[in-house]
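# A closer look at the structure
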Amino acid sequence: MLRHDVLEDPLTAALQPPLDETPEEKTKRLKREIKAKRVSDGIDVALRAERDELKRRRAQRPEVKLLLLGQASSGKSTLLKQFQLYYAPDMVDAQRSSWRPVVYFNIIKAIAGILDALEQVAYFDSHPELAQLRMTLLPLADLEPALAVQISGGVYVTGTGTSSPYGQDAYVRPGWQTLAKGKMKSSRTTGDSAYSSHIPAAEETAAWRIAACKDDIHALWLHPAVQALSKKQLQLEDSAAFFLESIQRIAWPDYVPSVDDVLHVRLQTLGVTEHQFEVSLLGKNVNLCLYDVGGARGHRPKWVPYFDSAHAIIFLAPLSAYDQYLEEDRRTNRIDDSLQLWTEICKNQVLKNLHLVLFLNKTDVLKAKLAAGIKVKKYITSFGDRPNEYTEVSQYFRAHFLQVHRRNVTGRRVLYTHFTSVIDTKATQTIIVNVADSIMRDYFAEARLV
Ligand SMILES: Nc1nc2c(ncn2[C@@H]2O[C@H](COP(=O)(O)OP(=O)(O)OP(=O)(O)O)[C@@H](O)[C@H]2O)c(=O)[nH]1
Ligand SMILES: [Mg+2]
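The name an unreviewed UniProt entry assigns to the protein is Guanine nucleotide binding protein, alpha subunit, from the organism Exidia glandulosa HHB12029.

A few words now on the packing of aromatic side chains. For the structure on display, the rule yields 11 aromatic pairs. Measuring from ring centre to ring centre gives 4.9 Å for Tyr86 and Tyr87, while their planes differ by 90 degrees; the resulting arrangement is edge-to-face. Geometrically, the ring pair formed by Tyr322 and Tyr379 is edge-to-face, given 6.2 Å between the ring centres and 65 degrees between the ring planes. Here Tyr322 is found in the loop between strand E6 (312–318) and helix H17 (334–347), whereas its partner Tyr379 is found in helix H19 (residues 376–379), with 57 residues between them in sequence. What makes Tyr322 buried here is its relative accessible area of 0%. Following the ring pairs from residue to residue traces out a cluster consisting of Phe83, Tyr86, Tyr87 and Phe277.

Those residues of helix H18 (residues 363–371) that fall on the buried side of the exposure criterion are Thr363, Val365, Leu366, Lys369 and Leu370. Along the axis of H18, the buried positions cluster into a sector of 155 degrees, meaning they face one direction only. If you follow the buried residues of H18, they end up packed against strand E7 (355–361), H19, helix H20 (390–408) and strand E8 (415–419). A positive backbone phi angle near 85 degrees is found at Gly373, which sits one or two residues after H18.

Counting residues in each nonpolar core, the largest one holds 47 residues, and the members touching the most others are Ile107, Ile111, Ile114, Ile217 and Leu220. Broken down by element, the residue count for this core peaks at 13 residues, all from helix H6 (residues 100–120). With residues up to four places along the chain from it excluded, the contact list for Ile114 reads Leu220, Trp221, Val226, Leu234, Leu236 and Leu244. If you look at the next biggest cluster of nonpolar residues, it comprises 37 residues, including Leu354, Leu356, Leu358 and Tyr396.

Moving on, we get to a nonpolar patch on the surface. A contiguous nonpolar surface patch, about 270 Å² in accessible area, is contributed by Val39, Ile43 and Leu47. Relative to the helices and strands, Leu47 is located in helix H3 (residues 23–60). A relative accessible area of 44% places Leu47 in the partly exposed class.

Right, let's get into the coordination of the magnesium ion (ligand 2). At the metal site, the magnesium ion (ligand 2) is ligated by Ser77 (OG) and Thr269 (OG1), and these contacts range over 2.1 Å. With Ser77 in helix H4 (residues 76–87) and Thr269 in strand E3 (residues 268–269), this residue pair connects regions lying 192 residues apart in the sequence. Residue classification places Thr269 among the buried residues on the basis of a relative accessible area of 7%.

With that settled, the discussion passes to the UniProt feature "binding site: Mg(2+)" (unreviewed entry) in the protein. When the UniProt feature table is mapped onto this chain numbering, "binding site: Mg(2+)" (unreviewed entry) sits at Ser77 and Thr269. Separation in sequence by 193 residues is not matched in space for these annotated residues, since their most distant C-alpha atoms are only 7.6 Å apart. A polar side-chain atom of Thr269 sits 2.9 Å from a polar atom in the side chain of Ser77.

It is worth spelling out the packing of H6 against helix H8 (residues 128–141) at this point. In contact at an axis separation of 10 Å, H6 and H8 are set at 140 degrees when each is read in the N-to-C sense. As summarised for this structure, H6 and H8 are arranged oblique, according to the angle between their axes. In this structure, the crossing between H6 and H8 has a hand that is left-handed. Residues Ile108, Ile111, Ala112, Leu115, Leu118 and Glu119 of H6 lie in contact with H8, whose contacting residues are Leu130, Arg134, Leu137, Leu138, Leu140 and Ala141. Looking at the contact of H6 with H8 residue by residue, the classes come out as 10 nonpolar, no polar and two charged.

Relative to the helices and strands, His405 resides in helix H20. Taking relative accessible area as the criterion, His405 reaches 8% and is therefore assigned buried. Apart from residues no more than four positions distant in its own chain, His405 is found in contact with Trp342, Cys346, Leu356, Arg413 and Leu415.

When pLDDT is averaged along the protein, the result is 85, and 84% of the positions lie at 70 or above. Note that residues 1–7 has pLDDT below 50 and, in this model, eight contacts with residues that lie over four places away or in other chains. Residue range residues 181–197 is modelled with pLDDT below 50. Its contacts to residues more than four positions away, or to other chains, number 21 contacts. What the predictor reports for the complex is a pTM of 0.82 with an ipTM of 1.00.

So, on to the environment of Gln82. Structurally, Gln82 is set in helix H4. Residue Gln82 is classed as buried on the basis of its relative accessible area, which comes to 0%. Between the C-alpha atom of Gln82 and that of Leu30, which follows or precedes it by 52 residues, the distance is 56 Å. With residues up to four places along the chain from it excluded, the contact list for Gln82 reads Leu263, Val422, Ile423, Asp424, Thr425, Thr428, Gln429 and Ile432.

Here H6 crosses helix H9 (residues 144–151) at 150 degrees, and the two axes come no closer than 10 Å. Between H6 and H9, the angle falls in the class roughly antiparallel. Considering how the two elements wind past one another, H6 and H9 form a crossing that is left-handed. Residues Pro101, Val102, Tyr104, Phe105, Ile108, Lys109 and Ala112 of H6 form the contact with H9, whose participating residues are Glu144, Leu147, Ala148, Gln150 and Ile151.

Our focus in this paragraph is the domain arrangement of the protein. If you check the domain split of the protein, you get domain 1 (63–93 + 272–447) and domain 2 (95–264). On the domain 2 side, the residues contacting the 23 residues of domain 1 number 18 residues. Of the roughly 1700 Å² buried at the junction of domain 1 and domain 2 (both faces included), carbon and sulfur atoms supply 51%. The interface formed by domain 1 and domain 2 includes two salt bridges. A salt bridge links Lys362 to Asp238; its shortest N-O distance comes to 2.6 Å. The leading source of residues in the side of domain 1 that touches domain 2 is H4, at four residues. Broken down by class, the residue content of the side of domain 1 that touches domain 2 amounts to eight nonpolar, eight polar and seven charged.

Calculation rules
- Residues numbered from 1 in each chain as written.
- Chains lettered and ligands numbered in written order.
- Predicted model: local features only at pLDDT ≥ 70, side-chain atom pairs only at ≥ 80, totals over all residues.
- Heavy atoms only, no water.
- Phe/Tyr/Trp six-rings, centres within 6.5 Å; stacked < 30°, edge-to-face > 60°.
- Helix = DSSP H or I, 4+ residues; strand = E, 2+ residues; numbered from the N terminus.
- Buried < 20%, exposed > 50% of the residue type's maximum accessible area, 1.4 Å probe, protein only.
- Arc of directions from axis to C-beta.
- Contact = heavy atoms within 4.5 Å.
- Core = buried A, V, L, I, M, F, W, Y, C linked by side-chain atoms within 4.5 Å.
- Patch = residues over 30% accessible without salt bridge, like charges linked within 9 Å, V, L, I, M, F, W, Y side chains within 5 Å.
- Areas by Shrake-Rupley, 256 points an atom, 1.4 Å probe, with all protein chains shown as cover.
- Salt bridge = Lys/Arg side-chain N within 4 Å of Asp/Glu carboxyl O.
- Donors = N, O, S within 2.8 Å, 3.2 Å for Na, K, Ca; no water.
- UniProt positions renumbered as here; feature names shortened; annotations may be inferred.
- Polar contact = N/O pair within 3.5 Å; in protein donor to acceptor, adjacent residues only side chain to side chain.
- Axes fitted to C-alpha atoms, helices over the stretch in contact; angles between N-to-C directions.
- Parallel < 35°, antiparallel > 145°, perpendicular 65-115°, else oblique.
- Left-handed = near helix turned anticlockwise from the far one by under 90°.
- Nonpolar A, V, L, I, M, F, W, Y, C, P; charged D, E, K, R; others polar.
- pLDDT = per-residue confidence, 0-100.
- Domains from an automatic or database assignment.
- Buried area = accessible area lost by both parts, 1.4 Å probe.

As C-alpha cells, then:
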C-alpha cells in the first residue's frame, strides 16, 4: 500500500509512525506499544477468565428455563417484576428511578386518551370547563411522542399493528435500564446539582408540565363526564386510574416511583428479554432463566426459537379483558384471542412435555368491572343468563381453558391453574414459591428418568 493511500484512511494514518522519527523516538514508541499491548492482552485474559467462570458456574448449577407467555397486556412483565422482587429485591430498588419517565408517559397517554374520547363525543362544545381544561392540558399531551422515543431508546415504532389507538407507543428492549442508568448517573436523592443536566429533555419537560398542571389533571379525571366515560366506552390502560389518582404525589419535585408504581407501569415488551436469577430451590442451587416476551400478534413468531430448550411455561390470560378487543385486530375479542393462543400452546408438539402453569389473571379488574355492571353476556353470548357475579364468571372462563387443555393435550402433561392478580405482591409471591417448587420437582424427576 502506498503511503498516500494509507494517509487517506484516518484510522491507519493515526497508527503510522511520524515520517521524521529519530532512532531514540522510535525506541520509546516501540516500548510504549509493547506496554499498551500488554495491557490489552491483560484485559482479554480477564474477560476470558470471567467468561470461563460464568461457564463453570453454569455447568455446576442446573439451568431451568421458564417462558412467560400470553397476549399483550396480560401481565407477563408485571409477573417478571414479582420474580425480581422475590429473588433480587435490591435490583428492583436500585432501578426504581429509571421507571420515572415511564410513569410520566403512562399519565400523558391517559390524558391524551381522555381528550381524544371527549372530542369524539363532542363534549367540549357542551362543557366549557372541559374545553378550558383541554387548552391547558394539550401541551402536556403533545409530549407523548418525544417521551416514547426517549423510553424506547430512539426506536420509533409505528404501523406494526400493535400501536395504541392514541398514537405513538413505547417499547422496552433488553438492557434499556442499563442505558437509562448510564444517562442518569446521578440521582435526585443524592442532591447532586448537576442532576438536571443528565435528565433527557423530554422527561424534564414532562416533569415540570405535570407539576404545573397537576390540579387540572386531577379536575379532568374527577369530572363526572370523564368518570362516566371511563366506565363505558373509554378504554384506558388498567393502570390509568391508579396514576391519575396519585397525581399530587407524582407531581412532587423529588418524585421517585415506589415499588407499587413500578408494578402498575405499562410498557410493552419488544421481542424476547432474558432475566437470570441464582436461586436455591429444594435445597439445590439453580440458575432460573425467565424469558419475558412481547405478547402482541406481531411479536409471537419471535417466541418459537425459545420453545426447544424451555422447561416450563407460565401462560397468563387476563380474565378482565372480556369487554375488550385486540389493539392489533379490533374485531377479535381479547378472551377469544387468549383461548386461541392457549389452544396453540396446548397443541404444540415441541411443548408437549413442559411443565405448564395457567394464571387466570387480573381478577381484581374483573371484580371491579362486574361490580360496575359491565355484562359478560353482552360480549360473550355463550355466557347466557348465568349470574354476572365473580364466582360464576371466573369458573366459566376457567372451565373453557381447562377444556381446551383436555382436548388438545398429548403426553403426560399436568396443568396447574391459579386465579391471580399479579400486582398483589403478597398473594403473587406465595404463588411464585409454589410454582417454582413444583417446576423444580418436575425438573429433577425428569433428570432421574434420563
Ligand atoms: N389491576 C391489575 N393490573 C395488572 C395486573 N396484571 C398486570 N396489570 C397491569 O396491566 C398492564 C400490562 O401489564 P404488563 O405486565 O406490561 O403486560 P405484558 O403481558 O407484559 O404485555 P406485553 O409486554 O405487551 O406483551 C400494566 O399496567 C400492569 O400494571 C393485575 O392482575 N391487576
Ligand atoms: Mg411485557
